[in-house]
Amino acid sequence: MLQKRLDNVTTLKDLSRHLKLSVTQVSRALNDHDDVSQATKERVQKAAKLLNYRVNMSAKRLVTGRSGIVGLVVEQDGDVLEPQLFTQVIWGLSHAFSERGRQFILHATGAGGDVLREYESLIDSAGIDGFVITEPTLNDRRIAYLINRKVPFVVHGRVPDHTDYAFYDIDNFAVGHDLTRYLIDRGHQRIAFLNGPANRTYVEARREGYVAALTGAGLALDQTLHITGDMAATAGLVSCIRLFDKDNVSPTAIVCSNITLAEGAYAGLKALGLAVPDDVSVVAHDDLLPGHAATSFTPPLTTTMVPLSKGWPPIADLLSREIDGAPLEQVQMVESMDLIERGSVRTL
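- Going by an unreviewed UniProt entry, the protein chain carries the name LacI family transcriptional regulator and comes from Palleronia caenipelagi.

## Description of the sheet that holds strand 8 (residues 253-256)
- The strand order across the open sheet formed by six strands is 7-6-8-9-10-12, and the pairing between neighbours is mixed. Among the strands making up the open sheet, the edge pair consists of strand 7 (226-227) and strand 12 (338-340).
- Here strand 9 (residues 281-286) pairs with strand 10 (residues 302-305) via four bridges, running parallel. Residue histidine 285 lies in a different strand from strand 10, and its bridge partner there is threonine 304.
- The strands touched by helix 8 (residues 172-184) are strand 6 (191-194), strand 8, strand 9, strand 10 and strand 12; relative to strand 9, the strand with the most contacts, the crossing angle is about 155°.
- Helix 10 (residues 233-243) rests against strand 6, strand 7 and strand 8 of the sheet, and its axis sits at about 155° to strand 6.

## A few points about the environment of leucine 301
- Structurally, the position occupied by leucine 301 is in the loop between strand 9 and strand 10.
- Here leucine 301 falls in the buried class, since its relative accessible area comes to 0%.

## Side note on the sheet that holds strand 4 (residues 153-156)
- Taken together, six strands build an open sheet; the order of strands is 2-1-3-4-5-11 and the sheet is parallel. Each end of this open sheet is capped by a strand with a single partner; those strands are strand 2 (103-108) and strand 11 (332-335). With direction set aside, neighbouring strand axes in the sheet form an average angle of 20°.
- Sheet topology places strand 4 next to strand 5 (residues 166-170); three bridges connect them, and they run parallel. By the bridge assignment, histidine 156 is partnered in strand 5 with tyrosine 168.
- Packing against the sheet, helix 5 (residues 83-99) makes contact with strand 1 (69-74), strand 2 and strand 3 (130-133), and its axis sits at approximately 150° to strand 2.

Thresholds applied
- Residues numbered from 1 in each chain as written.
- Predicted model: local features only at pLDDT ≥ 70, side-chain atom pairs only at ≥ 80, totals over all residues.
- Heavy atoms only, no water.
- Pairing = 2+ DSSP bridges.
- Helix = DSSP H or I, 4+ residues; strand = E, 2+ residues; numbered from the N terminus.
- Contact = heavy atoms within 4.5 Å.
- Axes fitted to C-alpha atoms, helices over the stretch in contact; angles between N-to-C directions.
- Buried < 20%, exposed > 50% of the residue type's maximum accessible area, 1.4 Å probe, protein only.

So, in structure tokens, the structure goes:
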């Protein structure tokens, strides 16, 4: 049985002796090198955790020339994530990098500050090994800048037609396409889409999937049925009411880009005296955020589903590989998703 050391700090040599592996094997397993088997990595990581092993960052920097620090820069004047979502992102990334022996820092720009100057300052003075980029936008300046500076980074998402960098993403085209196709297959032709902020890459990918599903079924695209905005319940409520405040034919179904928009849509439909699914069907993408359960809706909500939390360990692994100089095919990942049928859709 493994026993924690209580007297001194556990070293690589301690792990090596305990596991009967060489120091090199232990080090490469802890740093997720591809020439170490998954079974060995798990065995070493388990021992490191139970023996309370911590990376000596000063020693590591002397040997490798790296700080062991990675960062996330957020813009004070930019679009701010919903507080609960922002907390999930920061906690998830911090925990994932800590588990891999790296320090994670959050840096916010000053009011009116230029985000690229913040990156420049951190790269030149703080010795940060790499960055995580979240909420990528079309023609994202951060990506272009870090590529030019030859600084490792991983994107939570990706920019269409420009993917020569490390990224972790879900198939956002499929999110828009599969939810829309699901409704079409059940007889719906007037389908609205409540989407996220217009400048986000995932929003554009989901819109393209929505359009492709309509076009593939021979249905005309009504631009007024695609609404972009904040990913929040209040935005979903307002947008839902807008959809039915028209002289033309109202939609029979609504696709929501996340579950909080669906919460707003449900509230808006209720305020209008409309029932789900008898009057209007609703589907959404679900990130499995705490306090937002699709099964708690009345009726329970049909969703595509990829837990947001599922992405943090791969992002930490991908950035670690990128820092170590891994080839492009080893630092890119697209997560699969599930479609869960519940009670929010009526067949016409």
